[in-house]
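What follows is the residue order along each chain.
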Amino acid sequence: MSNLPDISEKLGELEEELSRLKSAAEQIERAKDAATKTIESAERMSSLLSEVVEGNNELIKQGKGVFAEIQEVDFPKRLEKVDKSITAISV
């Protein structure tokens, strides 16, 4: 009968240890869920960043095209024509 208190004590210790393990397992599960959500968010942010970069590259390309068109304009000749037109109207 002296074994009965020992068994009861060991069962109590086992229950405490199982309770700690259960708590640890729950914390691990919460950490896993948080990590999964973090990864999903990072993937969405990466996708959005890729779209922004693509949009930025397209904007740069179009800006270069506009700049090239502006460089092709011969402003001195155009201004001279405007000046001659104004002078002709004034006379």
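Look up: the structure comes first, before these words.
Rules behind the numbers
Residues numbered from 1 in each chain as written. Predicted model: local features only at pLDDT ≥ 70, side-chain atom pairs only at ≥ 80, totals over all residues. Heavy atoms only, no water. Helix = DSSP H or I, 4+ residues; strand = E, 2+ residues; numbered from the N terminus. Rg over C-alpha atoms; globule rule 2.2 N^0.38 Å. Buried < 20%, exposed > 50% of the residue type's maximum accessible area, 1.4 Å probe, protein only. Salt bridge = Lys/Arg side-chain N within 4 Å of Asp/Glu carboxyl O.

1. Structural notes on the overall build of the chain
Scanning the chain from N- to C-terminus turns up two helices and zero strands. On C-alpha atoms alone, the chain measures out to a radius of gyration of 39 Å, which is more than a quarter above the 12 Å that the 2.2 N^0.38 rule sets for 91 residues. With the C-alpha coordinates aligned to their principal axes, the bounding extent of the chain is approximately 130 × 20 × 10 Å. Burial analysis of the chain (91 residues in total) assigns 0% to the buried set.

2. Section: the pattern of salt bridges
One pass over the structure, following the stated rule, counts three salt bridges. Its salt-bridge partner being Glu 13, residue Lys 10 comes within 3.9 Å of it at the nearest N-O pair. Note that Lys 10 and Glu 13 are positioned in helix H1 (residues 3-72) at a spacing of three residues, about one turn of the helix. A salt bridge links Arg 20 to Glu 17, with the nearest nitrogen and oxygen atoms 2.6 Å apart. Of this pair, Arg 20 and Glu 17 both sit in helix H1, three residues apart, which is roughly one turn of that helix.

3. A word on the environment of Thr 36
Residue placement: Thr 36 occurs in helix H1. The class of Thr 36 is partly exposed, set by a relative accessible area of 36%. Sequence separation between Thr 36 and Glu 51 is 15 residues, and the spatial gap between their C-alpha atoms is 23 Å.

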